[in-house]
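# Understanding the architecture of this molecule
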Amino acid sequence: MIPFKATDEQRNTYTRAIIRTWTTATPDQERRGRDWYVTAHELAVTIAAGDARKGAGVLAALSANKGWAENCRIAEKAFQEGKATGHVRDALTKADRIMAGTDPSTVLPMHLKTGHFYRCIAEPQNATSVVIDRHAHDIAVQEIYGQRDRGLSTQSRYDVLADCYRAAAQEIGELPSIIQAVTWVAHIER
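Figured I'd write up the structure that's included with this text. (Residues numbered from 1 in each chain as written. Predicted model: local features only at pLDDT ≥ 70, side-chain atom pairs only at ≥ 80, totals over all residues. Heavy atoms only, no water.)

## As for the packing of helix α3 (residues 52–61) against helix α5 (residues 89–99)
Our working definition: Throughout, an axis means a line fitted to C-alpha atoms (over the contacting stretch in the case of helices), and angles, computed between N-to-C directions, take values from 0 to 180 degrees. Helix numbering and strand numbering both begin at the N terminus, where a helix is a DSSP run of H or I of at least 4 residues and a strand a DSSP run of E of at least 2. Here roughly perpendicular refers to angles of 65 to 115 degrees, roughly parallel to angles under 35, roughly antiparallel to angles over 145, and oblique to all remaining angles. Every residue pair with non-hydrogen atoms within 4.5 Å of one another is taken to be in contact.
Between α3 and α5, whose axes approach to 8 Å, the crossing angle comes to 175°. Taken together, the axes of α3 and α5 lie roughly antiparallel to each other. Where α3 abuts α5, its residues K54, G57, V58 and A61 lie against A91, K94, A95, I98 and M99.

Structure representation (structure tokens):
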């Protein structure tokens, strides 16, 4: 697990690992990563009858421990049926509240993965949000953790890695969300 307070050297190591993964992406992986949040945004608009924020909020609320295809399926079904199903109670409650009109930013944990996922889908050009999931973590620490706890529910650990993705983005000249998405695609297809 990464430390609560990473040193400058540790942060540099994580940032270099992210950049190395970026450089391994094939042109096709880079294209798909660049398109990822734009495509997710289009889906959010479609499933929520034109309301990108509502669609993104429900997708994010139902995302924990779900593959993207399943996440999309249960979010689309929630809008069709007017009630979320197929997930744990907390996620369903959040999705239902968002569908009922509550602002997603008051329902989702905006300082952690779900909140950042919502922002990246709702606003693909967001210049600060970055999704730190298990893959983003493993890319930065250069180790596959498998089922081990990564400690990403701790704000300080999340922020360390998010800052490293932002540093990599600044160095490369891209949005942090694009860096995360491209490296995610390259990493999972390795």
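## With respect to the pattern of salt bridges
This is how it is decided: We define a salt bridge as a contact between a side-chain nitrogen of Lys or Arg and a carboxyl oxygen of Asp or Glu at a distance within 4 Å. Burial status follows relative accessibility: with a 1.4 Å probe on protein chains alone, a residue under 20% of its type maximum counts as buried, one over 50% as exposed, and anything between as partly exposed.
Within the structure shown, the criterion is met by 15 salt bridges. Note that R166 is salt-bridged to D163, the shortest N-O span being 2.8 Å. Of the two residues, R166 and D163 both sit in helix α9 (residues 155–172), three residues apart, roughly one turn of that helix. Take D163: its relative accessible area is 34%, and that puts it in the partly exposed class. Here the residues in one salt-bridge network are D28, R31, R32, D35 and E189, joined through shared partners.

## Side note on the packing of aromatic side chains
Spelled out, the test is: Aromatic pairs are defined between Phe, Tyr and Trp rings, using the six-membered ring for Trp, whenever the two ring centres lie within 6.5 Å; interplanar angles under 30 degrees are classed as stacked, those over 60 as edge-to-face, and all others as tilted.
One pass over the structure, following the stated rule, counts six aromatic pairs. Ring geometry for W36 against Y37: centres 5.1 Å apart, planes inclined by 70°, an arrangement best described as edge-to-face. Like Y37, W36 is buried. Judged by centre distance (6.0 Å) and plane angle (80°), the ring pair of W68 and F117 falls under edge-to-face.

## Considering helix α10 (residues 176–188)
Selection rule: One less than the number of residues in a helix, times 1.5 Å, gives the span that helix is expected to have.
Counted at 1.5 Å a residue, the expected span for α10 with its 13 residues is 18 Å, and the 18 Å between its end C-alpha atoms agrees. With 11 of 13 residues buried, α10 is to be regarded as a mostly interior element. Within α10 the residues assigned to the buried category are P176, S177, I178, I179, Q180, A181, V182, T183, V185, A186 and H187. Among the structural elements, α1 (8–24), α2 (27–47), α7 (113–122), α8 (134–141) and α9 are those in contact with the buried residues of α10.

## Overview of helix α4 (residues 68–81)
Along its 14 residues, α4 runs 20 Å from first to last C-alpha, staying within 8% of the 20 Å computed at 1.5 Å per residue. Of the positions making up α4, those classed as buried are N71, C72, I74, A75 and A78. On its buried face, α4 is in contact with α2, α3, α5 and α7. One or two steps after α4, the chain reaches G82, where phi turns positive at roughly 80°.

## Focus: the layout of surface pockets
Note the threshold: Cavity and pocket criteria rest on a 1 Å grid covering protein atoms alone: a 1.4 Å probe that fits but cannot get out defines a cavity, protein on both sides within 12 Å along at least 5 of 7 lines defines an open pocket, and an atom within 4 Å of a point defines a lining residue. Grid points are joined across faces, edges and corners, and a volume is the space filled by probe spheres set on the points. Lys, Arg, Asp and Glu make up the charged group, whereas Ala, Val, Leu, Ile, Met, Phe, Trp, Tyr, Cys and Pro make up the nonpolar group; the residues left over, Gly among them, are polar.
The volume enclosed by the largest pocket comes to roughly 910 Å³. Contributing to the lining of the largest pocket are 31 residues, with A64, N65, K113, D133 and R134 lying nearest its centre. Looking at the lining of the largest pocket, the elements that each hand over two or more residues are α2, α4, α7, α8 and α10. In terms of residue class, the lining of the largest pocket is made up of 13 nonpolar, 11 polar and seven charged.

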